[in-house]
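# Coordinates in review
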Amino acid sequence: MGSLDKLYLLKIALLAIFNALAVWSAIILFVQRNYPFLAVVVIGIIILNYVYLSAKRYAAKYIVPGTIFMVLLVVFPLFYTAYISFTNYGTGHILDKQQAINRIEAQYYRPEDPREFDFKAFKDEDMEDLKLLFIDQEDESLFLGIAGEIESVSRDDDRLIDSTGDGEIDEINGYQRLERGDIIQNVAVIEQMRFTYNDSQMRMRDLNSFALYRPSYEYDEERDVIVDLRTEEEYKPIEGRFTNEEGEYLSPGFRTFIGRENYQELITDPRVSRPFLRVFVWTFQWALLSVFTTFSLGLFMAILLNDKTLKLAKFYRVVLILPYAIPAFISVLIWRGMFNPTVGVINRILTSIGLSAVPWMHSTFWTRVALVLVNLWLGFPYMMLLALGALQSISGNLYEAATIDGASRWQQFRHITLPLVLVALGPLLIASFAFNFNNFNIIYLFNEGRPAIAGAQTPAGGTDILISYTYRLSFESGRGSDFGLAAAVTMVIFFITAVVTWFNFKFTGALEEVKENE
Amino acid sequence: MKKFVALFIALAFVFGLTAPALASTPGELLIWADDNRIEVLNELVDDFEEEFGVEVTLVEKNFGDILDDLAVEAPAGEGPDIFIGAHDWLGELIENGLVEPLDVPDIFYDDFEEVALDAFTYREDVYGVPYTLESVALIYNEDLVSEPPETFDEFAAIVREISAEDDKYGFTLPQPDPYHTYPYMTALGGYVFHYDEEEGVYDPTDIGLNNEGAVRGLEMLNDLYADGSVPYVDFDTMEGLMTTGDLAMTVGGPWLQPAMDDAGINYNIAPIPTMEGEKPQPFVGVHGFMISSFSENRVLAQALLTEMVATEETMYEIYEAEPRPPVHLGAAERVADDEIIQGFLESGAEGRPMPDIPEMAGVWAAWEDAISLIFTQEQDVQPAMDDAVEQIREAIE
């Protein structure tokens, strides 16, 4: 009983620390105005406390942590992506509206009379209040700056005291002059100080001087417009940018909700719609070919390795798994070099045995062939490993019975091995399909989606798949990065893969029924 | 119980991610820099802390990550005061509201190479303290080329002669790469965007990649690809050929030096040969220190840059940490006996800053496609460049 109590106390203590952490994070998230995450944290912590403090809910104690992680790491990003896809988040639109207004209002210009002043700072004994003495750099006239107001003073004003007699003023009304080091310590305060001088604003320029500035823009909160103070022109917020009547806009713009515009762009923008069908068909071909070739070779190798009469089976197994052990990032780049049409080793071998050089990388067809070959090399060991496992689980009795019935080896393979392996590996083949459907790495590393297509109106290359082409569209074209568009495309691809996966599951579900009926 | 402890640790970790990271705080400076600059800054920071009594924190970032990280972290209040970057980020940084112009006396700029300042100027403001420029020149293997060619005709003759030998190549460029190909397009009058001198910005509606000069230059170069004298290879292959001594000439920058030094290649650099008497102008990329517009310490950050970073000593140390052409005139003087660095510096001074407007993002892909089609002989120069310009127009609209 005693040890149980101790355990219970420990549990309470951990939960308490954990709650403290959660409250702390919640405060930070609140300050950062990150409300979606804040909601997740608050709801999560309430559920967690309820589950662990309640006497029952044993099952929940195991499921809840996993669920929370799933929400945090899977569901949340998905919803966030969906949310971004309805905004204009991207280059020029990364600040929120208030931040953008602050930035625009912080833009100054120098007036026609760009006076500059050296300054001395004076502080009272309690080190709380500051007075500034300005010396005009041109005519050396003096000004006193106190509490936002500026006042012209003469050198023999009573308030200015030169106690050491070195010609420098050391004291104003009992305020002592600050040395450079002290000015630096107070720079954050001095930097915020503003004085009005001839309609201009005087503010700190650097550690030694103040200068005159005029704000370029002012935000009119009531009418939600920004006014150019020099020309009186008005800028209205249109699609995340303060824009005037001529269509000129101020930088920076801001992030805003733009509804279905990103999705609309996918349909109406000819840069998307023109190459879409071609890219889409190749994406499908690519994913299907990848799965088919790697699975076929993997299964073939597995059957060979599974043959008990094979000598050195272990050695072969290690050698065949090697491609899987080398990071794809490196091997794809090596293959890229080997496939180089002019200096690559593959064409050199081809020409040295009297064949003609193949335009790998330059012709769409041959680049596709090369890609499938490289992917085959990268992907078959994985399939081989899986198939080896599946083969071991097939009972030898089936083959014995088949042999007695007079089935050929091909018939055995066709009617026993293949269906049973497919049942076991079906879901993994679907996963492989979905993976290759979005296999950005190999496409991009091998030839950046190229070759380019002569006469094309859009920069979609011959081997670009959906994901690599949209990467180009969203990040390598236009005016920088367009996260909103990228998110919209991500959602579309998500739905395409979801539908494909669903159909595949129905298909393999049918396979499983076959198995049960047997 | 074990499960609960594991869960506790895991969740604590997740919450740890939401903890406030280092951020710009009034009275303290936060600097983002890449690994090569950070060594130098480390020493500098001690001096600055001593002299100014201000705490400085350095965070090491990959150079290429800084632009993206800044866009995420600065608006969230977690960005730096000072960061390192390339001048051609400016358009995007300004459009995103992330960078603050410098506000210093004009005399400060007298210490710097003009092209470097031009690069960091956007409209009327200067946005960065430059420390190096990046540019390309003709790099040649002295064992294969005794005297570097001065004109394109001499160059073509040498290339054809060397390429006629077995397994030797006279010249190649990394392809498809507009950056390295650009000098051949500029010599006779090509350009990306027309630079409006008055406004101090590029005009994205005036694209000169398919004008007569650009096309003529590409055709001259393409003749060498067409007759097989120049192989069409990517960067890695080009570097490989150079380091094995099989490649006589290439166009490249200081980044090729370490590999060639390691391989013991006897190389030198020269200006890219003139075309019909005109000088090719490469792209110039300038790197420098910039101040975040989310900095709470504009004055302090500027003081650190002007008083500690923009000095001959610091700029020389930056050069020593990674030998790249310094653009501080004093530091450049001190490396006057490094012929290679001087060569790149001269080539840069002749070059053109890479356009820094955000529209540049829409240029590369189409341009790359066009030159890949040209040099693999799939399409003629004029139609290929016309298509590219059409694609660019559509992309940046």
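Values in this document were obtained by computation on a predicted structure and should not be read as measured data.

Our focus in this paragraph is the interface of chain A and chain B. Taken together, the 52 residues of chain A in the interface contact 55 residues of chain B. Looking at the side of chain A that touches chain B, the elements that each hand over two or more residues are α1 (2–31), α3 (58–84), α4 (97–105), α5 (180–185), α6 (187–192) and β10 (200–206) of chain A. Looking at the side of chain A that touches chain B element by element, the count peaks at 9 residues for α1(A). Here the side of chain A that touches chain B is built from residues that sort into 24 nonpolar, 18 polar and 10 charged.

Turning to the sheet that holds strand β12 (residues 217–220) of chain A, a few remarks are in order. Residue and element names in this part refer to chain A. Strands sit in the order β12-β13-β14-β15 across an open sheet of 4 strands; the sheet is antiparallel. Every interior strand has two partners, whereas the edge strands, β12 and β15 (241–243), have only one. The mean inter-strand angle of the sheet, taken between neighbouring strand axes irrespective of direction, is 30 degrees. Sheet analysis places strand β13 (residues 225–228) next to strand β14 (residues 234–238), joined by 2 bridges and oriented antiparallel. If you follow Val 227 over to β14, its bridge partner there is Glu 234. Relative to the sheet, α4 contacts β12, β13 and β15, its axis offset from that of β12 by approximately 145 degrees.

We now examine the packing of helix α8 (residues 270–306) of chain A against helix α12 (residues 364–392) of chain A. Residues and elements named next belong to chain A. Two elements in contact, α8 and α12, have axes separated by 6 Å at closest approach and are oriented at 50 degrees. The orientation of α8 with respect to α12, classified from their angle, is oblique. In the crossing of α8 with α12, the sense of the turn from one axis to the other is right-handed.

All names here are of chain B. Structurally, chain B comprises domain 1 (26–134 + 285–353) and domain 2 (137–281 + 363–396). On a C-alpha basis, the centres of domain 1 and domain 2 stand 30 Å from each other. Per-element accounting of the side of domain 1 that touches domain 2 gives the leading share, 5 residues, to helix α14 (residues 339–350). Split into classes, the residues belonging to the side of domain 1 that touches domain 2 amount to 3 nonpolar, 4 polar and 6 charged.

Residues and elements named next belong to chain A. That bond from Ser 251 to Pro 252 is cis: its omega, -5 degrees, falls within 30 degrees of zero. Along the chain, Pro 252 falls in the loop between β15 and α7 (261–268). Residue Pro 451 is reached from Arg 450 by a cis peptide bond, and omega for that bond is 10 degrees. Take Pro 451: it is sitting in the loop between α15 (440–447) and α16 (466–475).

Before going further, it helps to spend a moment on the sheet that holds strand β9 (residues 169–172) of chain B. Residue and element names in this part refer to chain B. Within the open sheet, the 4 strands sit side by side as β9-β12-β8-β13. Their pairing is mixed. Strands with a single pairing partner mark the edges of an open sheet, and in this sheet they are β9 and β13 (267–270). This sheet shows a mean twist of 20 degrees between the axes of neighbouring strands, independent of strand direction. One ladder, built from 3 bridges, connects β9 with strand β12 (residues 247–252); its direction is parallel.

Parameters at a glance
- Residues numbered from 1 in each chain as written.
- Chains lettered and ligands numbered in written order.
- Predicted model: local features only at pLDDT ≥ 70, side-chain atom pairs only at ≥ 80, totals over all residues.
- Contact = placed C-beta atoms within 7 Å.
- Helix = DSSP H or I, 4+ residues; strand = E, 2+ residues; numbered from the N terminus.
- Nonpolar A, V, L, I, M, F, W, Y, C, P; charged D, E, K, R; others polar.
- Pairing = 2+ DSSP bridges.
- Axes fitted to C-alpha atoms, helices over the stretch in contact; angles between N-to-C directions.
- Parallel < 35°, antiparallel > 145°, perpendicular 65-115°, else oblique.
- Left-handed = near helix turned anticlockwise from the far one by under 90°.
- Domains from an automatic or database assignment.

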